[in-house]
Amino acid sequence: MHIRDIQPHELEMLLDLYGHLHEQDDPLPERSIVESVWLEAMSNPRIRYFGGYLTGELVSTCTLTIIPNLTRACQPYGVIENVVTHAGHRGLGWGKALLAHALAFAWEQRCYKVMLLTGREDERTLRFYEQAGFDRHGKQAFVAKPAG
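Everything in this summary refers to the structure shown in the same document.

Definitions and limits used
Residues numbered from 1 in each chain as written. Predicted model: local features only at pLDDT ≥ 70, side-chain atom pairs only at ≥ 80, totals over all residues. Heavy atoms only, no water. Axes fitted to C-alpha atoms, helices over the stretch in contact; angles between N-to-C directions. Helix = DSSP H or I, 4+ residues; strand = E, 2+ residues; numbered from the N terminus. Parallel < 35°, antiparallel > 145°, perpendicular 65-115°, else oblique. Contact = heavy atoms within 4.5 Å. Nonpolar A, V, L, I, M, F, W, Y, C, P; charged D, E, K, R; others polar. Pairing = 2+ DSSP bridges.

Contact geometry of helix α1 (residues 11–18) with helix α2 (residues 31–43) gives a least axis separation of 12 Å together with a crossing angle of 105°. With respect to each other, α1 and α2 are oriented roughly perpendicular. Across from Leu11, Glu12, Leu14 and Leu15 in α1, the residues of α2 making contact are Arg31, Val34, Glu35 and Trp38. The residue inventory of the contact of α1 with α2, partitioned by class, reads five nonpolar, no polar and three charged.

Moving on to the pairing of strand β2 (residues 47–54). The sheet contact formed by strand β1 (residues 2–5) and β2 spans four bridges and is antiparallel. Bridge assignment links Ile3 to a residue of β2, and that residue is Gly52. In the sheet, β2 pairs with strand β3 (residues 57–67) via eight bridges, with the strands oriented antiparallel. Within β3, the position partnered with Gly51 by the bridge is Thr61. In this structure, the hairpin formed by β2 and β3 is closed by a connection of two residues, where Thr55 is found at a positive phi of approximately 45°.

Next comes the structure, spelled out in structure tokens:
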């Protein structure tokens, strides 16, 4: 199990892995827009895409964003999103190892907390996140989306 930052030239592997995140997702915009978003994310030191690799194949990923903060003694906080493991590699510890890596990085950055949101409601997924160190009862999340 090898975990490291995803490199800029590995966009295609990441997009392929994201196919295992949702059964249905909005279609990607034209390639130039995708590449522009990727380059913007890669150039932002507060956004980290971590990947779990097996013999060079990206099999698991999550994104951690570190957000500056003027409360809590100016300690930042983190947000983890887009946690996914390739369907053929689930249940083998990839996700837990990847989340442990992301949390360790956040603590090194002095984050006072890390939040993770999931739209999944199945008990197995919720227990997975709890076993990875997250408290489902710690805070109440509210999500707003644009109308339409």
